[in-house]
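Residues per chain, in single letters:
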Amino acid sequence: MKTRYLNAEDPGAVNEAAEILRNGGLVAVPTETVYGLAANALDGKAVSRIFEAKGRPQDNPLIVHVSSLEEIPPLVRKVDPRVYDLAEAFWPGPLTVIMKKSELIPDEVCAGLDTVAIRMPSHPVARAVIKASGVPLAAPSANASGKPSPTRASHVRDDLDGKIECILDAGECSIGVESTVITLVTDPPNLLRPGGVTPEELETVLGKINISHAVYESLGEGEKAQSPGMKYKHYAPAAKVTLIKGSFDKYEKYLKAHKTGICAVCFEGEGKHFPVSVEYGRADDSLTQARSIFDALRKVDETGCDEAFVRCPCADGVGLAVYNRLLRSSAFRVTDLDFSIPVYGITGQTGAGKSTVCSLFEKAGFHTVDTDLIAREAVRNPEVIENLKKAFGSDIFSDGELNRRELARRAFESEEKTNLLNSITHPVITELAIKEIHEAGKNGAKAALIDAPVLLESPLAGVCDKIICVTADRDTRLQRIMQRDGIGIEDAELRIKAQRGEEYYTSHSDIEIRNVKPGEAVLQVENILKEKLL
Ligand code: TXA
Ligand code: MG
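Keep in mind the model is a prediction, meaning the values are calculated, not measured.

Undergrad: What is the right way to read the overall build of the protein chain from this model?
TA: Of the regular secondary structure elements, the protein chain holds 19 helices and 23 strands. Overall, the C-alpha framework of the protein chain stretches about 90 × 45 × 45 Å when taken along its three principal axes. Among the 534 residues that make up the protein chain, the fraction classed as buried is 54%. Counting contacts in the protein chain only where the partners sit at least 6 residues apart, residues at least 24 apart contribute 70% of the total. For the protein chain, the exposed area adds up to about 24400 Å²; of that, 49% sits on carbon and sulfur atoms.

Undergrad: Would you explain the layout of surface pockets in this entry?
TA: Gaps left between atoms show up when a probe the size of a water molecule is rolled over them. As a volume, the second largest pocket reaches approximately 1400 Å³. Forming the walls of the second largest pocket are 43 residues, and the residues nearest its centre are K240, E307, H426, P427 and V428. When residues of the lining of the second largest pocket are traced back to their parent elements, those giving at least two are strand 12 (240–245), strand 15 (307–311), strand 16 (334–336), helix 12 (371–378), helix 13 (382–392) and helix 15 (415–442). Ranked by residues supplied to the lining of the second largest pocket, first place goes to helix 15 with 16 residues. Looking at the lining of the second largest pocket residue by residue, the class counts come to 15 nonpolar, 13 polar and 15 charged.

Undergrad: For this particular structure, what's the right way to read the site of ligand 1?
TA: Among the 25 residues in the neighbourhood of ligand 1, the closest are listed as T33, N60, H65, S179 and G229. Side-chain polar atom of T33 to an oxygen atom of ligand 1: 2.7 Å apart, as the coordinates give it. At a separation of 2.6 Å, an oxygen atom of ligand 1 approaches a polar side-chain atom of N60. Contact with the protein chains removes 97% of the 680 Å² of surface that ligand 1 exposes when unbound. For the shell around ligand 1, the elements supplying multiple residues, two or more each, are strand 4 (63–65), strand 6 (115–119) and strand 10 (190–193). Looking at the shell around ligand 1, its residues break down into 11 nonpolar, 10 polar and four charged.

Undergrad: Would you mind showing me how to read the side chain of S286 here?
TA: Here S286 lies in helix 9 (residues 286–302). S286 gets classed as buried once you look at its relative accessible area, which sits at 19%.

Undergrad: Can you walk me through the side chain of T347 in this structure?
TA: Looking at the secondary structure, you find T347 in strand 17 (residues 343–348). A distance of 3.3 Å separates the side chain of T347 from the backbone oxygen of A452, its partner in a polar contact. Residue contacts for T347: discarding those within four places in its chain leaves K354, A452, P453, L455, L456, I467, I468, C469, V470, Y505 and S509.

Undergrad: Got a minute to help me understand empty space enclosed by the protein in this structure?
TA: Considering all chains together, one arrives at one cavity of 30 Å³ or more under this definition. By volume, the largest cavity amounts to about 70 Å³. Every residue along the wall of the largest cavity is listed here: V29, T31, G36, A38, H65, P121, A126, I130, L137 and A139. If you list the elements that add at least two residues to the lining of the largest cavity, you get strand 3 (36–40) and helix 5 (124–133).

Undergrad: For this particular structure, what's the right way to read a negative patch on the surface?
TA: Taken together, the side chains of D158, D161, D301 and E302 define an acidic patch exposed on the protein surface. Mapped onto the elements, D158 comes out in helix 6 (residues 153–160).

Undergrad: How do you make sense of unusual backbone geometry when you look at a structure like this?
TA: For residues besides glycine, phi is generally negative; the peptide bonds are generally trans as well. In the segment running from W91 into P92, the intervening peptide bond is cis, with an omega of -5 degrees. Assignment of secondary structure puts P92 in the loop between helix 3 (82–90) and strand 5 (95–100). Note the cis peptide between D187 and P188, where omega equals -5 degrees. Tracing the chain through its elements places P188 in the loop between strand 9 (180–183) and strand 10.

Analysis parameters
Residues numbered from 1 in each chain as written. Chains lettered and ligands numbered in written order. Predicted model: local features only at pLDDT ≥ 70, side-chain atom pairs only at ≥ 80, totals over all residues. Heavy atoms only, no water. Helix = DSSP H or I, 4+ residues; strand = E, 2+ residues; numbered from the N terminus. Buried < 20%, exposed > 50% of the residue type's maximum accessible area, 1.4 Å probe, protein only. Contact = heavy atoms within 4.5 Å. Areas by Shrake-Rupley, 256 points an atom, 1.4 Å probe, with all protein chains shown as cover. 1 Å grid on protein atoms, 1.4 Å probe; cavity = no way out; pocket = protein on both sides within 12 Å on 5 of 7 lines; lining within 4 Å. Points joined across faces, edges and corners; volume = space filled by probe spheres on them. Nonpolar A, V, L, I, M, F, W, Y, C, P; charged D, E, K, R; others polar. Near = heavy atom within 4 Å. Polar contact = N/O pair within 3.5 Å; in protein donor to acceptor, adjacent residues only side chain to side chain. Patch = residues over 30% accessible without salt bridge, like charges linked within 9 Å, V, L, I, M, F, W, Y side chains within 5 Å. Salt bridge = Lys/Arg side-chain N within 4 Å of Asp/Glu carboxyl O. Lys, Arg positive; Asp, Glu negative; His and termini not counted. Charge placed at Lys NZ, Arg CZ, Asp CG, Glu CD.

In structure tokens:
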């Protein structure tokens, strides 16, 4: 099918779009929130084509758009009188209200539910098209299912060209995130999706409302979604998205500890600090963030990066909608860099005695985050197992157990393979380590000490306030490794050779602890604590 492009300002464009809709066709129509993919809401066959074009799951119902209050009574079983109060305050505008539906609404629109979602948009073009077509319009956002919603006609074209009859172009949408969805069927009313109308604003009209927990967290396994749209992956670029909480300084340091191939999705003026970035709105302004977030998520894929780290917006007011969309686009993957305790890293060559030094700090109330232990847990993560099998052969697991020695042999064959192993395990180790730091804080630890042989190459270096390295001369280290691991001198030498020289560790650390003579480390740790060097 050839998709027609009409400039909404051209005379006749609105009438032409209305004509297509009356004939059962699909038209992408601009609204103040996002572009909608419209069909005649009273024509089940036309509506079912929306699902086809978007690749939308059949059980996800659509919003019916009207241009005046008079159009509502035939669509619902009984008009809830609160709709008039809501209309007075927020319509036309970015609010969708759910009520019990009438027989007039085809099953295709409400996906078999007995309720219907109704909205009166404020965009003059949307209103003109509804009026000219003479029917209510069922319209979901005009994106391919799962992708970020479209806020420009070009976004619609990228997703739906050739699949729909027409795109009506009226420039950029002014709000940029979809409408607030509230159901009046429950008592108290339940906010299912935050949007341009805030919970506080709704409460001025409705009194106490409930905010669905699905706004903040993923649905529990087997839990039924009150709004089917809540359960699907949504707003997601192809790149893996993680939301980062914390100040800009923490964000910058953390991102810089990552290898290349990552995109910083940050606020205006911050992008220049990163090799690859996309900006979305001003740090202190939810409205500008809402306007540009979907465009920014689409731009992430244009950068070619396979991973994006997004600055977390403030979740107040309209910001709740931005935060909610980002939670969904990241599949609820959030990294919180705001720790309640200081975080230190401890590193050094093998045999230098990192564990000994950690246990000395533990006596002073520090909690050691042992990344070796975490790595063992990480290789039990199903996604990691899958990726390790793909990268190194499925025979590195037998009876569900990882053959660690064999994995090490294959992975340390070349730098490329070592990097591959790291790229699979480091993100999960990082996530688990950060979780452990937060828990340590809650449990009253004075500080967290990340014990990691490859700390300096890991993103975890980016969460450390200071880095300590433990050093010892080569002979001492050789003796310790042989004793600790029960291996001969040749094997011990090989291990030492596989690591970088001492200078590398000391030059990347803030504090050095020399650990050769008995008691030597104890004195230094005491001194560090006494002098408050950490
Ligand atoms: O701003 C908007 O609302 C845009 C523009 C085009 O108006 N439309 C939009 O539609 O975002 P859509 O289909 O992408 O999102 C509609 C949301 C979905 O999460 C859906 O599950 C929910 O509303 N919904 C629709 N009807 C419902 C119903 N009867 N009960 C519960 N949830 C419903
Ligand atoms: Mg949508």
